[in-house]
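# A structural walkthrough
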Amino acid sequence: MPSVAFYTLGCKVNFYDTEAIWQLFKNEGYEQVDFDEQTADVYLINTCTVTNTGDKKSRQIIRRAIRRNPDAIVAVTGCYAQTSPAEIMDIPGVDLVIGTQDRDKIIPFVQEIQESRQPVNAVRNIMKTRVFEEMDVPDFANHTRAFLKIQDGCNNFCTFCIIPWSRGLSRSRDAASIMAQARQLVHAGYKEIVLTGIHTGGYGDDMDNYDLSDLLWDLEKVEGLERIRISSIEASQIDEKMLDVLNRSTKLVRHFHIPLQAGDDTVLKRMRRKYTTEEFYNKMLMIRKAMPDVAITTDVIVGFPGETDEMYRNGYELMKKIGFSEMHVFPYSKRSGTPAARMEDQVDEDVKNARVHELIDLSEQMQLAYAERFVGQVLEVIPEVAPKGTEDSGMLHGYSDNYIQLVFEGTEDLVGKVCRVKLTKAGVNESEGQLVRVLENGLQTAL
């Protein structure tokens, strides 16, 4: 039986894409082996290019695969492959470079290389692509949440970001195809679906009279689906239609990830973000009015070129005022090929690090404050498979619909079921809870 090994760098969308490529190999009779523990006939590295370090790490992993088995076919895909195919083709031992499109043709390419042993560069101009690449993932190992990719690419061109050049412009997946896949996932036993993409909230930008709100109402009707989560959405994409969904949907969870990136108008303008701090703050108020108790998490870039102490302070105060339930904080890192990398007034590394630590402290305070609001309340949790090494602890963990990670006593047969859990003790990264009852197909089973 031929074998294939995968290595994925980067974001959740990349992990989804790797799973989808694995399905193609699986259908061809391949078995999947561990990248570092066994030798494989085919190595596939799914690369990331979001930072210069991503490129470097991708090259290291490619070389590692070539050393593992010099006779294997080494295929490289993903964002770094899309933007720098020539750099990758120059690495001796690479057989196939395929970017962020045409991956449904990967098996024919591999077969062709097996016969000819001639390296193939299959990357073409992503900016000309207007069609969503259809690749399904019917199940996810060790997850009780299923990911469903509905969109690819981005039209925003923020000054710090290379992604439009590696993923192309925004393209949406056909709604009928999404619905069919959602039903298949529910049929496979998934109670929660996470809608994901490079710019998920931009779903429908390339369609007539159909957008993310319409898709959410259609998904609302899928029987057996308990929860719908959106991986990320921009503040500007939450319009009146979307606020109505928040207000009336019975399946949309009380959690949104809305990237702020900076809390100062001058910095936002230089980043080419499409909102002011006032617009962002007012949008948060509207969301909380439509969906009380909602958890709002965010991304923040610290030390963007030209960020003075005063601008940073403005951001700190805004974040505190909004009261996020968690922040993902990143120091700005130069991405060659982007306008921000060419800006004159780069911020000193030590200053960046000090600011990062301060914002991480703030994030932890806010995370704890948010969890403390729910002490004594009963939340719905879908337990996940125990982390490695803790399988026999008798403890389960899972996320509530409003994204609080709860740890509680329970048996393994509850994994994937909807449990009602009382939050007994709030914590920063995880809170403690007590199982109250299990919901079977919407019906309660008392313990």
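Above: the structure in question.
Given the structure is predicted, the values throughout are model-derived calculations rather than measurements.

Taking strand neighbours across the sheet as the criterion, the three strands line up as E7-E10-E11 in an open arrangement whose pairing is parallel. Looking at strand neighbours, the two that pair on one side only are strand E7 (145–149) and strand E11 (227–230), the edges of this open sheet. Taking each pair of neighbouring strands and ignoring which way they run, the sheet shows an average axis angle of 25°. Where E7 meets strand E10 (residues 192–196), five bridges bridge the pair, whose relative direction is parallel. Pairing of lysine 149 across the sheet is with threonine 196, part of E10. In the packing of helix H8 (residues 212–220) onto the sheet, the strands contacted are E10 and E11, and the crossing angle to E11 comes to about 160°.

A pair can form between side chains of opposite charge whenever their charged atoms are brought close. Summed over all chains, the structure comprises 30 salt bridges. Of the charged contacts in the structure, one is a salt bridge between aspartate 17 and lysine 149, with a shortest N-O distance of 2.9 Å. Taken as a pair, aspartate 17 in helix H1 (residues 12–27) and lysine 149 in strand E7 lie far apart in primary sequence, 132 residues in all. We classify aspartate 17 as buried; its relative accessible area is 1%. Taking the relative accessible area as the measure of exposure, lysine 149 reaches 2% and is therefore buried. We note a salt bridge from glutamate 133 to arginine 103, for which the minimum N-O separation is 3.2 Å. With a gap of 30 residues between them, glutamate 133 in the loop between strand E6 (120–121) and E7 and arginine 103 in the loop between strand E5 (96–97) and helix H5 (106–116) connect regions that are remote in the sequence. The exposure class of arginine 103 is buried, given its relative accessible area of 0%. Look at the salt bridges and you will find they share partners, linking Asp17, Arg103, Glu133, Lys149, Asp152, Arg167 and Arg171 into a network.

Now for unusual backbone geometry. Of note in the backbone geometry, phenylalanine 157 takes a positive phi value of approximately 55° without being a glycine. Along the polypeptide, phenylalanine 157 turns up in the loop between strand E8 (151–152) and helix H6 (163–167). Unusually for a residue other than glycine, asparagine 209 sits at a positive phi of about 55°. Looking at the element boundaries, asparagine 209 is found in the loop between E10 and H8.

A word on helix H9 (residues 240–248). Residues three or four positions apart in an α-helix share a direction because the helix packs 3.6 residues into each turn. Listed as buried for H9 are Met242, Leu243, Val245 and Leu246. On an axial view of H9, the arc spanned by its buried residues comes to 155°, and they lie on one face. Exposed residues lying more than 90 degrees from the buried face of H9 are Glu240, Asn247 and Arg248. The inward-facing, buried residues of H9 abut H8, strand E12 (255–257) and helix H11 (277–290).

Taken as a whole and judged by the stated rule, the model has two cavities of 30 Å³ or more. As a volume, the largest cavity reaches approximately 60 Å³. Every residue lining the largest cavity is counted, 13 residues in all, and those nearest its centre are Ala262, Gly263, Glu307, Gly315 and Met319. Elements with a minimum of two residues in the lining of the largest cavity: strand E13 (295–302) and helix H12 (309–322).

This paragraph deals with the nonpolar core. In terms of nonpolar packing, the biggest core is built from 94 residues, with Phe25, Leu195, Leu212, Leu215, Ile258 and Leu359 touching the most fellow members. Residues within four places of phenylalanine 25 in sequence aside, it is in contact with Val4, Phe6, Tyr30, Val42, Ile106, Ile107 and Val110. Within the second largest apolar cluster, 23 residues are counted, among which are Ala5, Tyr80, Ala81 and Ile91.

So, about the pairing of strand E16 (residues 395–400). As a general feature of sheets, a regular strand has side chains that alternate between the two faces. Taking burial as the measure, the six residues of E16 include five buried ones, the bulk of the element. By the bridge criterion, five bridges tie E16 to strand E17 (residues 405–409) in an arrangement that is antiparallel. Among the inter-strand pairings, leucine 396 is bridged to a residue of E17, identified as phenylalanine 408.

The next thing to look at is the packing of helix H7 (residues 175–187) against H8. H8 packs onto H7 with a crossing angle of 35° between their chain directions and a minimal axis gap of 11 Å. The two elements H7 and H8 meet at a crossing, and its hand is right-handed. Residues Ile178, Met179 and Ala182 of H7 lie in contact with H8, whose contacting residues are Leu215, Asp218 and Leu219. A per-class count over the contact of H7 with H8 returns five nonpolar, no polar and one charged.

On to the sheet that holds E12, then. Read from one edge to the other, the open sheet built from three strands follows the order E12-E13-E14, with strand pairing classed as parallel. The sheet terminates laterally at E12 and strand E14 (326–331), the two strands that pair on one side only. Between one strand axis and the next, the sheet turns through 15° on average, direction left out of account. Judged from the six bridges that link them, E13 and E14 form a sheet pairing that is parallel. Note on E14: the bridge partner recorded for isoleucine 301 is phenylalanine 330.

Calculation rules
- Residues numbered from 1 in each chain as written.
- Predicted model: local features only at pLDDT ≥ 70, side-chain atom pairs only at ≥ 80, totals over all residues.
- Heavy atoms only, no water.
- Pairing = 2+ DSSP bridges.
- Helix = DSSP H or I, 4+ residues; strand = E, 2+ residues; numbered from the N terminus.
- Axes fitted to C-alpha atoms, helices over the stretch in contact; angles between N-to-C directions.
- Contact = heavy atoms within 4.5 Å.
- Salt bridge = Lys/Arg side-chain N within 4 Å of Asp/Glu carboxyl O.
- Buried < 20%, exposed > 50% of the residue type's maximum accessible area, 1.4 Å probe, protein only.
- Arc of directions from axis to C-beta.
- 1 Å grid on protein atoms, 1.4 Å probe; cavity = no way out; pocket = protein on both sides within 12 Å on 5 of 7 lines; lining within 4 Å.
- Points joined across faces, edges and corners; volume = space filled by probe spheres on them.
- Core = buried A, V, L, I, M, F, W, Y, C linked by side-chain atoms within 4.5 Å.
- Left-handed = near helix turned anticlockwise from the far one by under 90°.
- Nonpolar A, V, L, I, M, F, W, Y, C, P; charged D, E, K, R; others polar.

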